[in-house]
Amino acid sequence: MALVTALPPAVEKRAFVGQMFDAIAPRYDLMNRLMTLGLDKAWREATLTALAIAPGSVVVDLGCGTGDLTAGARSLGARAVGVDLSAGMLGAALRRGETTAFARADAARLPFADASCDGAVSGFALRNFVSVETVLDDCARVVKPGGRIALLEIDRPEGGAFAALFNVYFRRVMPMLGSLVSRGYAYRYLASSTAYLPAWPELRSMLGRAGFRDVAKRSLTAGTVQLVTAVRGDH
């Protein structure tokens, strides 16, 4: 695949993202540990805690990647299903020995019946979807009334020296690490892809229109990461 420095146009995004994650799947977990200084484990634990998983509940992991959140939900007693477009990522999850169910599918067209899931989770996946709003709408379709969702994603720190330092790390250091360990072009994309993220007021409105209530945002690690939670409404 040719190197890219700009974000792909919307009509090419789905294919580009799938191929990109196929390419970086073999080193994806290692890069996650390096880029986050190991903090990603605590973020995932906070996400699963916010989901308040009950034993036997059905949980779908949107854009599951190599299955960290899927496996975490299963360890808490859930019947978890990871959904991802990337065959490479799903293959990496299986090679890790995960026994959780996985499905290669588009998060905007989930292969589940209406109101068949007790909850949904995602980790750093929102910005990779072609349409965040469409994914949230389909998530609302499959989650039962009263079911919870927990969405973990990058955030933009507010002003000051730390925000400037984070920007340098995220946009320069991370792609450089990617070039050394994996595929540099992919981490240039991932650094730029925050442009796809709706601002908080817009994301909150999207969730409300989709049918979620009690929408809340929790900032983690000095505002570099956000954890968005909501409850599926009755209608």
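Predicted, not measured: the structure shown is a model, and the values here were computed from it.

Quick look at the packing of helix H1 (residues 10-24) against helix H5 (residues 87-95)
It is the contact of H1 with H5, at a shortest axis distance of 7 Å, that shows an interaxial angle of 35°. Contacts between H1 and H5 involve Phe21, Asp22 and Ile24 on the former and, on the latter, Ala87, Gly88 and Met89. Along the lines of polarity and charge, the residues of the contact of H1 with H5 split into 4 nonpolar, 1 polar and 1 charged.

Some points on the packing of helix H3 (residues 40-51) against helix H4 (residues 68-75)
Running from N to C, H3 and H4 cross one another at 50°; their axes reach a closest spacing of 10 Å. With respect to each other, H3 and H4 are oriented oblique. H4 is crossed by H3, and the crossing has right-handed handedness. Where H3 abuts H4, its residues Arg44, Thr47 and Leu48 lie against Asp68, Leu69, Gly72 and Ala73. Partitioning the contact of H3 with H4 into residue classes produces 3 nonpolar, 2 polar and 2 charged.

A word on the nonpolar core
Grouped together as the largest cluster of nonpolar side chains are 39 residues, with contacts concentrated most on Met20, Phe21 and Tyr187. No other element matches the 6 residues that helix H8 (residues 184-192) contributes to this core. If you look at the next biggest cluster of nonpolar residues, it comprises 32 residues, including Leu62, Leu110, Ile149 and Met206.

Considering the packing of aromatic side chains
Enumeration according to the criterion identifies 4 aromatic pairs in this entry. A ring pair is formed by Phe21 and Tyr28, whose centres lie 6.1 Å apart and whose planes are at 75°; its orientation type is edge-to-face. Under the relative-accessibility criterion, Phe21 is labelled buried at 11%. Owing to a relative accessible area of 15%, Tyr28 belongs among the buried residues under this scheme. Grouping aromatic residues by their ring pairs yields a cluster made of Phe16, Tyr189 and Tyr196. Here the guanidinium or amino end of Lys13 rests over the ring plane of Tyr196, the centre of that ring lying 3.3 Å away.

What about the environment of Val228?
Structurally, Val228 is set in strand S7 (residues 225-232). For the pair formed by Val228 and Gly147, sequence separation is 81 residues and the distance between their alpha carbons is 14 Å. Not counting residues within four places of it along the chain, the set of residues in contact with Val228 comprises Ile149, Ala150, Leu151, Trp200, Leu203, Leu207, Val215, Ala216 and Lys217.

Quick look at the sheet that holds S7
Reading across the sheet, the 7 strands line up as S3-S2-S1-S4-S5-S7-S6 and stay open at both edges, with mixed pairing between neighbours. Single-partner strands in this sheet number two, and they are strand S3 (101-104) and strand S6 (212-220). Neighbour-to-neighbour, the strand axes of this sheet turn through a mean angle of 15°, independent of strand direction. Packing of H3 onto the sheet brings it into contact with strand S1 (58-62), strand S4 (117-123), strand S5 (143-154), S6 and S7, and relative to S5 it is tilted by some 165°.

Notes on the environment of Ala42
Considering the arrangement of structural elements, one finds Ala42 in helix H3. When the C-alpha atoms of Ala42 and Leu220 are compared, they prove to be 9.9 Å apart, with 178 residues separating the residues in sequence.

As for the pairing of strand S2 (residues 79-84)
Where a strand is regular, its side chains alternate between the two sheet faces. Of all 6 residues making up S2, 5 are buried, and the element is well covered by its neighbours. By the bridge criterion, 5 bridges tie S1 to S2 in an arrangement that is parallel. Within the sheet, the bridge partner assigned to Asp61 lies in S2 and is Gly82. A crossover links S1 with its parallel partner S2, the connecting element being H4, and its sense is right-handed. Note that S2 and S3 share 4 bridges and pair parallel. Looking across to S3, one finds that Asp84 is bridged to Arg104.

A closer look at H1
For H1, spanning 15 residues, the distance from its first C-alpha to its last is 21 Å, which sits close to the expected 21 Å at 1.5 Å a residue. For H1, the principal kink sits at Phe16 and spans about 25°. Within H1 the residues assigned to the buried category are Lys13, Phe16, Val17, Gly18, Met20, Phe21 and Ile24.

About the cut-offs
Residues numbered from 1 in each chain as written. Predicted model: local features only at pLDDT ≥ 70, side-chain atom pairs only at ≥ 80, totals over all residues. Heavy atoms only, no water. Axes fitted to C-alpha atoms, helices over the stretch in contact; angles between N-to-C directions. Helix = DSSP H or I, 4+ residues; strand = E, 2+ residues; numbered from the N terminus. Contact = heavy atoms within 4.5 Å. Nonpolar A, V, L, I, M, F, W, Y, C, P; charged D, E, K, R; others polar. Parallel < 35°, antiparallel > 145°, perpendicular 65-115°, else oblique. Left-handed = near helix turned anticlockwise from the far one by under 90°. Core = buried A, V, L, I, M, F, W, Y, C linked by side-chain atoms within 4.5 Å. Buried < 20%, exposed > 50% of the residue type's maximum accessible area, 1.4 Å probe, protein only. Phe/Tyr/Trp six-rings, centres within 6.5 Å; stacked < 30°, edge-to-face > 60°. Lys NZ or Arg CZ within 6 Å of the ring centre and 35° of its normal. Pairing = 2+ DSSP bridges. Right-handed = clockwise from strand over helix to strand, strands pointing away. Expected span 1.5 Å × (residues − 1). Bend = angle between axes of the 7 residues up to and from the residue.

Remember that the coordinates give geometry; whether it matters functionally is a separate question.
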